[in-house]
Amino acid sequence: MTTEHDVRPSTTGSRAPARAWLTLLAVALGIMVVQIDATVVTVANPVIAADLGAGPEGIQWVTTAYLLVLAGLLIPAGTVADRVGLKRAFLVAIAGFSVASLLCGLAGSVEWLIAARVLQAVFAALLGPSGLGLIRAAFPESALPRAIGVFGAVTALALAGGPMLGGVLVEYAGWPWVFFVNLPFGVVGVVVAALVVRGSAARGRDPIDVPGAVSLTAAMVSVVWAVSGAQTHGWVSVHTAAFGLAGLALLGAFVAIERRSPHPMVPLGLFRNRSFTVGCVLNVLTMVAFFAVLYYLTFYLQGVRDTSAVMTGVALLPLTAVFTVASPLAGWVTGRLGTRVTVVTGAVLTAASLALLLRLSVDSGTVTLAVPLVLAGFGAGLMLVPAIGAIVGNAPVERAGVASGIQQSMQQLGSTLGVAVFGSLLGSTVASSFPGALRAAFGGGTVAERLGGDPALLSTIPLGFDAAAQQGLTDRLAGAGTAPEEVRRVVAGVTEVAHRTFLDGVHTVYAVGIGLAVVAGLLALLVRDAPPAE
């Protein structure tokens, strides 16, 4: 077995060499590209949907496909990075992510964009473990916590600034630039890494668990495909049942493969530890709730409130900025009060924020949003950080890398399910209530009957029925020879009903989110607390 003595500095000193900080700079640039990409795309989704003519299911898969592939590949990507060497893996990852970003910006259809996003996810999965591995290799043990702190601050800044940057790019440059902006960061990251990062030898020759990686990724794809398609095909349809059962069967196959594999991708023995298993579930639940708030408020602000992309980023700052402050705070609170108290406190704050968001109306302004968003930011931070600790801290030292991969995978899976499950729930709610609400508003009649069952119209409501959708309806009615006064009356009436129906669906999403927050708080009671810090 080869070693890494050529890249790891001495652990006896407290000062890190200049090369170590340059290595951190290179890694931070690479990771920052991925972090920014995740949030700017969320802000750009409404504009992308309108420009590419994508429906709710299609635009969801722009986010879902990326997150799903990323979650499925994070664990095996760590093994690949060890096999080929950390520096080589990092350079390939950041260069590949940059090229994939270029393809995203050039997309002329939602199908092309989804395919390019999948390619982005492949390289993003390789970038995370290789980048963190380079930091561990570059810094002496005594300086490593400070390096990780700087790294965390950079990623938090990217998370907080992403929506704002996305809004500026969408409004003044066009949505392709939310992807093109990755290119200069990628080029600088590759150049700096090539010049200052020292190479690393492979740390093991164990074969990659390809059957395990394939079966796990296929299982998650099948399950999320079933859930996201339920709003189109129905929850009890053959389509939904077939893909759901296929996902469960593939998950069972994955477990069987791991049990028999001499070099399993996921050592199943880790899940015998109750705190480890609960930590995985808490990671999923936290990200489900976080993405539910972030994703649907974007469509509310740009669709219902007709807020610009820039101001949407500003409106979301109480959530994203507070989350960056809450994360280091959560580490301090966990060290003194323990995981249980910290997660329960975060769950209470999250439930309170969602309860306040149940009051969201067509006329609500950004000030009304500020309080629940601040609570949601603190709640997410206080839930996520101790949940991460429950996974990594309850794994044996020799399994720390695998545990980190599992944690990141659970976090990405939660983000995926937050979009897919709630998207299906919102779409189903709209499809069932909009026709009746439209008939009630118009007192019946031909117009209400025709528009209430119009698939094209129904597909725009879960996206907030924005100005572009309203103009599209205006053009259709005018093209059919409807009198201008009648067009204005019908469009105004449909818009009012569509926005009210959209909010009813969002309220349903947030009500379910409250239930999930309560479940998370109860599960936290099962975690074994470490002794409090002195």
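Residues numbered from 1 in each chain as written. Predicted model: local features only at pLDDT ≥ 70, side-chain atom pairs only at ≥ 80, totals over all residues. Heavy atoms only, no water.

K.L.:
Describe in detail the overall build of the protein chain, supporting the description with residues and values.
P.N.:
A tally of regular secondary structure across the protein chain gives 20 helices and zero strands. Among the 534 residues that make up the protein chain, the fraction classed as buried is 53%. In the protein chain, once contacts between residues fewer than 6 apart in sequence are set aside, the share between residues at least 24 apart is 84%. Summed over all atoms, the accessible surface of the protein chain reaches about 21400 Å², with 68% contributed by carbon and sulfur. (Helix = DSSP H or I, 4+ residues; strand = E, 2+ residues; numbered from the N terminus. Buried < 20%, exposed > 50% of the residue type's maximum accessible area, 1.4 Å probe, protein only. Contact = heavy atoms within 4.5 Å. Areas by Shrake-Rupley, 256 points an atom, 1.4 Å probe, with all protein chains shown as cover.)

K.L.:
Pulling in residues and values, what's your account of the packing of helix α11 (residues 274–304) against helix α20 (residues 484–524)?
P.N.:
Orientation of α11 relative to α20, taken along the N-to-C sense of each, is 160 degrees, at an axis distance of 10 Å. Taken together, the axes of α11 and α20 lie roughly antiparallel to each other. Considering the relative orientation of α11 and α20, their crossing is left-handed. Class assignment of the residues belonging to the contact of α11 with α20 gives a composition of 21 nonpolar, two polar and no charged. (Axes fitted to C-alpha atoms, helices over the stretch in contact; angles between N-to-C directions. Parallel < 35°, antiparallel > 145°, perpendicular 65-115°, else oblique. Left-handed = near helix turned anticlockwise from the far one by under 90°. Nonpolar A, V, L, I, M, F, W, Y, C, P; charged D, E, K, R; others polar.)

K.L.:
Can you explain the nonpolar core? Please cite residues and give values.
P.N.:
For soluble globular proteins, the rule of thumb is that nonpolar side chains tend to be buried together. Ranked by size, the top nonpolar core spans 135 residues in total, and within it L297, Y300, F434, V494, F502 and Y510 carry the most contacts. Here this core gets 17 residues from one element, more than from any other, and that element is α11. Residues contacting V494, with those up to four places away along its chain left out, are F434, L438, F442, L451, L457, F465 and L473. Listed in part, the eleven residues of the second largest apolar core include V278, A387, A524 and V527. (Core = buried A, V, L, I, M, F, W, Y, C linked by side-chain atoms within 4.5 Å.)

K.L.:
Go over the packing of aromatic side chains, please, and point to the residues and values.
P.N.:
For the structure on display, the rule yields three aromatic pairs. Ring centres of W175 and F179 lie 6.3 Å apart, and the angle between their planes is 90 degrees; this geometry places the pair in the edge-to-face category. Given a relative accessible area of 5%, W175 falls into the buried group. Residues W177 and F180 carry aromatic rings whose centres are separated by 5.2 Å and whose planes lie at 85 degrees to one another, so their mutual orientation is edge-to-face. Note that W177 and F180 are positioned in helix α6 (residues 177–180) at a spacing of three residues, about one turn of the helix. Classification of W177 by relative accessible area gives partly exposed; the value is 42%. Of note, R117 hangs over the ring of Y66, and the distance from its end group to the ring centre comes to 4.2 Å. (Phe/Tyr/Trp six-rings, centres within 6.5 Å; stacked < 30°, edge-to-face > 60°. Lys NZ or Arg CZ within 6 Å of the ring centre and 35° of its normal.)

K.L.:
Would you mind going over unusual backbone geometry in detail, with residue names and values included?
P.N.:
Within the chain, D306 stands out as a residue other than glycine whose phi angle is a positive 55 degrees. Mapping D306 onto the fold places it in the loop between α11 and α12 (309–315). Of note, F465 is a non-glycine position whose phi angle comes to about 45 degrees, a positive value.

K.L.:
So what's going on with the confidence of the model for the protein chain? Residues and values would help.
P.N.:
Looking at the protein chain as a whole, its pLDDT mean stands at 79, while 86% of the residues score no less than 70. Mean pLDDT values over the elements of the protein chain span from 66, in helix α9 (residues 230–233), up to 92, in helix α14 (residues 339–357). Note on residues 1–13: pLDDT under 50 across the span, and 31 contacts to partners over four residues away in sequence or across chains. (pLDDT = per-residue confidence, 0-100.)

K.L.:
Break down the environment of V192 for me, with residues and values.
P.N.:
Within the fold, V192 resides in helix α7 (residues 182–196). Contact partners of V192, with chain neighbours within four places excluded, come to L22, A26 and V197.

K.L.:
Describe in detail a nonpolar patch on the surface, supporting the description with residues and values.
P.N.:
Together, V99, L102, L103, L106, W112 and L119 give the surface a local cluster of nonpolar side chains, amounting to about 480 Å² of exposed area. Listing elements by their share of the nonpolar patch, those giving two or more residues are α3 (86–105) and α4 (110–138). Per-element accounting of the nonpolar patch gives the leading share, three residues, to α3. As for its placement among the helices and strands, L119 is situated in helix α4. (Patch = residues over 30% accessible without salt bridge, like charges linked within 9 Å, V, L, I, M, F, W, Y side chains within 5 Å. Salt bridge = Lys/Arg side-chain N within 4 Å of Asp/Glu carboxyl O.)

K.L.:
Describe in detail the pattern of salt bridges, supporting the description with residues and values.
P.N.:
By the definition in use, this model includes four salt bridges. Note that R476 is salt-bridged to D454, the shortest N-O span being 2.2 Å. With R476 in helix α19 (residues 467–479) and D454 in the loop between α17 (446–452) and α18 (455–460), this residue pair connects regions lying 22 residues apart in the sequence. For R489, the salt bridge identified is with E486, shortest N-O distance 2.8 Å. Taken together, the positions of R489 and E486, both in helix α20 and three residues apart, correspond to about one turn of that helix. Residue classification places E486 among the partly exposed positions, given a relative accessible area of 27%.

K.L.:
Describe in detail the environment of S109, supporting the description with residues and values.
P.N.:
If you trace the backbone, S109 turns up in the loop between α3 and α4. Overall, S109 belongs to the partly exposed group, its relative accessible area being 24%. Sequence spacing of S109 and A54 is 55 residues, and the spatial spacing of their C-alpha atoms is 8.4 Å. For S109, the side chain forms a polar contact with the main-chain nitrogen of W112, separated by 3.2 Å. (Polar contact = N/O pair within 3.5 Å; in protein donor to acceptor, adjacent residues only side chain to side chain.)

K.L.:
Quick one: what's the story with the side chain of T495, residue by residue and with numbers?
P.N.:
Within the fold, T495 resides in helix α20. Sequence-distant contacts of T495, that is, excluding residues within four places in its chain, are made with F465 and Q470.

K.L.:
Can you break down the packing of α14 against α20 residue by residue, with the values?
P.N.:
When two helices pack together, their arrangement is given by the angle between the helix axes and by the axis-to-axis distance. Two elements in contact, α14 and α20, have axes whose closest approach is 8 Å; the angle formed by their N-to-C orientations is 165 degrees. Between α14 and α20, the crossing angle belongs to the class labelled roughly antiparallel. Judged by the sense of rotation from one axis to the other, the crossing of α14 with α20 is left-handed. Of the residues in α20, those touching α14 at R340, V343, V344, A347, T350, A351, L354, A355 and L357 are H507, Y510, G513, I514, A517, A520, G521 and A524. Classifying every residue of the contact of α14 with α20 gives twelve nonpolar, four polar and one charged.

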